[in-house]
Amino acid sequence: VSLVIRKLSSSLVAVAALVVCAVAFGDPPSPENPAGRGNDVLGVVPVQSEAGKQAKAGSNLVYHNGPVMHTNATYAIYWVPAGYSVSASYQSLLDRFLTDVGADSGKTSNVYDSDTQYYDNSNGNILYSSSFQQDITDTNPFPASGCKDAYTSVCLTDAQLQTEIDNVINANGLPRGTGVMYFMFTPKDVGSCFGSSCAFSYFCAYHSSFGSGSSVTLYANQPYAAWVPAACGSGQSPNNDDADSTINVASHEHNETITDPLGTAWYDRQGAEDGDKCAWNFGSSLGSTGSGRYNQLIDGHPYYLQQEWSNKSSRCVLSGL
Amino acid sequence: MVALLAALALASPTGPYSFGRESGNIIPFTVTIAQSGAVRVTGPVKVGRTRLTAGQLAVLAAAVSKAQLATLPPTTACPGTLPDIASTWIKAGSHRVQVHGSCSPRFTRVWNALASAVHLSYG
């Protein structure tokens, strides 16, 4: 009997050792596991209760040798063809937000200060130096939907958005390059998809780029966040307008574009940028306007913005580093 | 052989199951299906079924087994997927698989089976 028990024990030990080895070394590359960004965490299996925390907190951002935006000039494009509309307050609040971010350049009192700890190889640290240049209302008709999503009657592909941004820039003789960022705002009932990942199901906004060299164009796709408030709403509306939710995700994209404009600068081992690591993490409020809480006063105006990641303090911050 | 043993040791195709989205620039959610069939949701999604029958759980178990979910790597980063796009994940038994993007057909099949089983709807 003791021999049988010893044999069983040996077998169990061997199986356990094989399992440990398998877990420790991970699986080999496969069609489902192409090498790519974020792949260096393969083999790490977070327990469920810790998974979200790890994805959010994780490790600090790592520099990947690409450029950052040392200064940023912003443009807002409102693509609102005939038959669609955004309220005057929606547009004016978004413009005001970008203007306020520029007005408080150099200050340490809002989330944009966190960007100044990051740098690139060519020109050193990012400056908190932002300037809102102008808004453009684009009334060109939407093309036929190039995608289909669960929420909207018009669905634009990333290629269709890029084409329109390119059209607007060319038509207005606007600049390009890594010092310029375009926000493309679309109205209610207009969705978009990046590949098979669509707005309100997989993202509330995203930033990307097209072109290269001095003609690179940095942009953020900004659907109407309050169209699906359960997925994209900020939960607070200090300015009592749908714009509050769009402003929150625009801030996320703005900070990410500053620190990682081409996807080659600052992101963590899991591929998350400074905004992703703190998404929907709003920290402490400063007060309330009556229509909602705010956690930022930028040029004296109230906003409710997610925090941004700070390597220096290894946490999400609302101001300072 | 090693991978198969590891898979057998880590996965429990009979559940419990959970799945959801996280990271990127969107509010996360989680749907949990207990071994009893009870369905629980956290986050901005709705389910049309709050309890699965033994038969429905068996269908899920078959989907998980057929897709060999346990042999998928814990994390897959699909090339070209932007950081702002949320990742999706599935946990069957103790084995958790997360995919950023859409390059894993076997993962997608299990996801679709889970979403269909609970009648998942967004918003």
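Just above sits the structure.
A brief report on the enclosed structure follows. Note that this is a predicted model, so its numbers are computed, not measured. (Residues numbered from 1 in each chain as written. Chains lettered and ligands numbered in written order. Predicted model: local features only at pLDDT ≥ 70, side-chain atom pairs only at ≥ 80, totals over all residues. Heavy atoms only, no water.)

### Comments concerning the nonpolar core
All names here are of chain A. Our working definition: Residues enter a nonpolar core if they are buried and are Ala, Val, Leu, Ile, Met, Phe, Trp, Tyr or Cys, with the set joined through side-chain atoms within 4.5 Å. Whether a residue is buried, partly exposed or exposed follows from its accessible area with a 1.4 Å probe, protein chains only, as a fraction of its type maximum: under 20%, in between, or over 50%, in that order. Strands here are runs of E lasting at least two residues and helices are runs of H or I lasting at least four, both read from the DSSP assignment and numbered beginning at the N terminus. Any two residues having at least one pair of non-hydrogen atoms within 4.5 Å are treated as being in contact.
Within the largest apolar cluster, 41 residues are counted, with the highest numbers of intra-cluster contacts made by Leu-94, Phe-97, Tyr-112, Phe-183, Ile-247, Trp-266 and Leu-305. Elements represented by at least two residues in this core include exactly β2 (72-79), α3 (88-103), β7 (180-185), β11 (217-222) and α6 (243-259). For this core, the element with the most residues is α3, which contributes six residues. In this view, Tyr-112 contacts Phe-97, Val-101, Tyr-128, Ser-251, His-254, Asn-255 and Ile-258; residues no more than four positions away in its chain are not counted.

### Considerations on the pattern of salt bridges
Residue and element names in this part refer to chain A. Spelled out, the test is: Only one rule defines a salt bridge in this text: a Lys or Arg side-chain nitrogen within 4 Å of an Asp or Glu carboxyl oxygen.
Inspection of the entire model under this criterion finds five salt bridges over all chains. Of the charged contacts, one joins Asp-100 and Arg-96 as a salt bridge, the two residues approaching to 3.7 Å between their closest N and O atoms. One end of the pair, Asp-100, and the other, Arg-96, are both in helix α3, four residues apart, so they sit about a helical turn from each other. Between Lys-107 and Asp-104 there is a salt bridge; the shortest N-O distance is 3.3 Å.

### Quick notes on the pairing of β2 of chain A
Within a regular strand, side chains alternate between the sheet's two faces. All names here are of chain A. The condition is simple: Note on pairing: DSSP must find at least two bridges between two strands before they are called paired.
For β2, the buried fraction is high: eight of the eight residues fall into the buried class. Both faces of β2 are covered, namely the face carrying Asn-72, Thr-74, Ala-76 and Tyr-78 and the face carrying Ala-73, Tyr-75, Ile-77 and Trp-79. Bridge count between β2 and β7: six bridges; the pairing is parallel. Paired with Ala-73 across the strands is Val-180, a residue of β7.

### Comments concerning the environment of Gly-275 of chain A
Residues and elements named next belong to chain A. On the secondary structure map, Gly-275 appears in the loop between β12 (266-267) and β13 (287-288). Classification of Gly-275 as buried rests on a relative accessible area of 0%. Once the C-alpha coordinates of Gly-275 and Asn-65 are considered, the two residues, 210 residues apart in sequence, prove to be 19 Å apart. In this structure, Gly-275 is in contact with His-252, Glu-256, Gln-306 and Glu-308, ignoring residues within four places of it in sequence.

### Digging into empty space enclosed by the protein
Residue and element names in this part refer to chain A. Heads up, the condition is: Buriedness for pockets is judged along seven lines, at least five of which must meet protein on both sides within 12 Å for an open set on the 1 Å grid over protein atoms alone, while cavities are sets there where a 1.4 Å probe fits but cannot get out, and lining residues have an atom within 4 Å of a point. Grid points are joined across faces, edges and corners, and a volume is the space filled by probe spheres set on the points. Charged residues are taken to be Asp, Glu, Lys and Arg, nonpolar residues to be Ala, Val, Leu, Ile, Met, Phe, Trp, Tyr, Cys and Pro, and polar residues to be all remaining types, Gly included.
Applying the stated rule across the entire model yields two cavities of 30 Å³ or more. The space that makes up the second largest cavity amounts to roughly 30 Å³. Asn-72, Tyr-112, Asp-115, Ile-126, Leu-127, Tyr-128, Ser-129 and Ile-258 are the residues that line the second largest cavity. Across the lining of the second largest cavity, the residue classes tally to five nonpolar, two polar and one charged.

### What to know about the state of the cysteines
All names here are of chain A. For the record, the criterion: We call a pair of cysteine sulfur atoms a disulfide when they lie within 2.5 Å.
Inspection of the entire model under this criterion finds five disulfides over all chains. With its sulfur 2.1 Å from that of its partner, Cys-278 forms a disulfide with Cys-316. Judged by the sign of its S-S torsion, about -95°, the cystine formed by Cys-278 and Cys-316 is left-handed. Of this pair, Cys-278 sits in the loop between β12 and β13 while Cys-316 sits in strand β18 (residues 315-317), and the two are 38 residues apart along the sequence. With relative accessibility at 12%, the residue Cys-316 sits in the buried group. Take the cysteines of chain A that form disulfides and number them in order along the sequence; they join up as 1-2, 3-4, 5-6, 7-8.

### Observations regarding the layout of surface pockets
Put simply, the second largest pocket is a space of about 350 Å³. Residue lining of the second largest pocket: 21 residues in total, with Ser-196 and Tyr-202 of chain A together with Ser-102, Trp-111 and Tyr-122 of chain B positioned closest to the centre. Looking at the lining of the second largest pocket, the elements that each hand over two or more residues are β9 (197-198) of chain A together with α3 (105-118) of chain B. Considering every element that reaches the lining of the second largest pocket, the biggest residue donor is α3 of chain B, with four residues.

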